[in-house]
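The residues making up each chain are set out below.
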Amino acid sequence: MYRIILHVDMDSFFASVEQCKNPDLRGLAVVVGSDPKQGKGRGVVSTCSYKARSFGIHSGMPISRAYRLCQDAVFLPVNMPLYQEVSCRIMKILRSFTDKFQQVSVDEAFLDISDRAQDYKEAVQLAGQIKSMIRGREELTCSIGIAPVKSVAKIASDLNKPDGMTVVEPDNVVKFLKPLNVRKLSGIGKKHEEILTGMGIDTLGQLACFDKDKLIEIFGKWGSKMQRLALGLDDSEVKESLEIGSVSREHTFDKDTDDPVVLIKTLDMISEKVHKSLVHKGYSFSTVSVKVRFEDFTTFTRAKTLSFSSQDQDIIKRVSNELSSKFFNKRKIRLLGIKLSNLKKSKMIQTTFDYFL
Ligand code: TTP
Ligand code: MG
């Protein structure tokens, strides 16, 4: 018997919440980011409204570049407590539809509704109810993917944004995945895409029928997993994950280096990545750890715990700099990494989790 899984993802979440708070912003190009300073700051774009996207602006882009693309855009700072409050209410709505629920990030969740819907027709009706409840209560839109497995539901929710609904019935899974670019699969980033392209693999269909041993040789275990996912085979359950231990990112240099300028620049880049992941998951941290691996593979870690919980990117940069700079000017470095731990959900989100336990 097949399962029916929904992946719900809010549309341009931070920007849409800002538009709700200030309806004058509706229909405008709204850019939310760190250090926006009316487009003159040095931060990056967290997200932007769909109108802003039509100018080519997107998440991760420097604010200065966004400003060059659209000078009329409204630039706003990230107001995380507000987004977490709204997120908390949305998750509460979603939980009311099923016991099998899994929040994945501040604006997305999986729902296994196999027990609630007889078939895909009923699932579509239920998804419609979810959309109208979120619209009615929060004046926000979301996009929903419906499929028999989580990985396919996630891909589907992203295909018709904003305010979309994409249904992939069990018999259609392979056909649906076949023409899609490999990047659609969560877990395949830019680096893996480049390697796959080099192997002549652009689509999930090509990945699905590629020599499995070769994939394992290049990607290890992930090689066979990605091939299974490309075939629509994903037996992972929808289940609540209340705590994540840590968020970390590493960078291995193409060529070992002792150049302090390169090392500090790389550390800043890793700080940005790890911060992005933290914010996306809706956590704050109180411990920052760094990992330094020298050319001979000797590896050192150092950590610092703050007396408070934070989501501040500058703190990550400052502390990781302080902890790792002691290792600079010694031997050549092969790898740098940053880990954030002692993670906490915001108070609002914790209250909801407690309530439902
Ligand atoms: P996403 O769901 O990836 O993006 P989105 O909701 O803004 O837009 P979409 O309609 O395409 O789903 O991320 C949810 C929120 O997480 C987003 O509103 C802001 C935050 N975020 C960052 O802070 N940095 C990032 O690089 C990304 C991708 C998201
Ligand atoms: Mg979203």
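These lines cover the structure that appears in this document, whether it is placed above or below. (Residues numbered from 1 in each chain as written. Chains lettered and ligands numbered in written order. Predicted model: local features only at pLDDT ≥ 70, side-chain atom pairs only at ≥ 80, totals over all residues. Heavy atoms only, no water.)

1. Describing the overall build of the chain
Scanning the chain for helices and strands turns up 14 helices and 13 strands. In summary, the chain has a C-alpha radius of gyration of 22 Å against a globular reference of 21 Å for 357 residues, a match within 12%. In terms of overall dimensions, the chain has a C-alpha envelope of 65 × 55 × 45 Å along the principal axes. Looking at the chain as a whole, 47% of its 357 residues are labelled buried. Taking contacts inside the chain between residues at least 6 apart in sequence as the whole, the part at least 24 apart equals 64%. Put simply, the chain shows about 18,000 Å² of open surface, and 50% of that area lies on carbon and sulfur atoms. Separation of charge centres in the chain, based on 55 positive and 44 negative side chains, amounts to 4 Å. (Helix = DSSP H or I, 4+ residues; strand = E, 2+ residues; numbered from the N terminus. Rg over C-alpha atoms; globule rule 2.2 N^0.38 Å. Buried < 20%, exposed > 50% of the residue type's maximum accessible area, 1.4 Å probe, protein only. Contact = heavy atoms within 4.5 Å. Areas by Shrake-Rupley, 256 points an atom, 1.4 Å probe, with all protein chains shown as cover. Lys, Arg positive; Asp, Glu negative; His and termini not counted. Charge placed at Lys NZ, Arg CZ, Asp CG, Glu CD.)

2. Thoughts on the environment of Phe97
Residue position: Phe97 is located in the loop between α4 (80-95) and β5 (101-105). Overall, Phe97 belongs to the buried group, its relative accessible area being 5%. Considering only alpha carbons, one finds Phe97 and Leu126, 29 residues apart in sequence, at a separation of 8.4 Å. Excluding residues within four positions of it along the chain, Phe97 makes contact with Leu111, Arg116, Leu126, Gln129, Ile130 and Met133.

3. A look at the sheet that holds strand β3 (residues 45-48)
Spatial strand order, β3-β2-β4: three strands in an open sheet with mixed pairing. Only two strands of the sheet have a single neighbouring strand rather than two, namely β3 and β4 (74-77). For this sheet, the mean inter-axis angle between neighbouring strands, taken without regard to orientation, is 25°. Note that strand β2 (residues 30-33) and β3 share three bridges and pair antiparallel. Opposite Gly33, over in β3, you have Val45 as the bridge partner. With respect to the sheet, helix α1 (residues 13-21) is in contact with β2, β3 and β4, its orientation differing from that of β2 by roughly 115°. (Pairing = 2+ DSSP bridges. Axes fitted to C-alpha atoms, helices over the stretch in contact; angles between N-to-C directions.)

4. Some remarks on a negative patch on the surface
A surface patch of like charges, here negative, comprises Asp119, Glu122, Glu169 and Asp171. Locating Glu169 in the fold gives a position in the loop between β8 (165-167) and α7 (173-177). (Patch = residues over 30% accessible without salt bridge, like charges linked within 9 Å, V, L, I, M, F, W, Y side chains within 5 Å. Salt bridge = Lys/Arg side-chain N within 4 Å of Asp/Glu carboxyl O.)

5. A look at the pattern of salt bridges
Under the defined criterion, the tally for this structure stands at 16 salt bridges. Between Glu193 and Arg183 there is a salt bridge, with its nearest N and O atoms 3.0 Å apart. Taken together, the residues span a long stretch of sequence, with Glu193 in helix α8 (residues 190-198) and Arg183 in the loop between α7 and α8 at a distance of ten residues.

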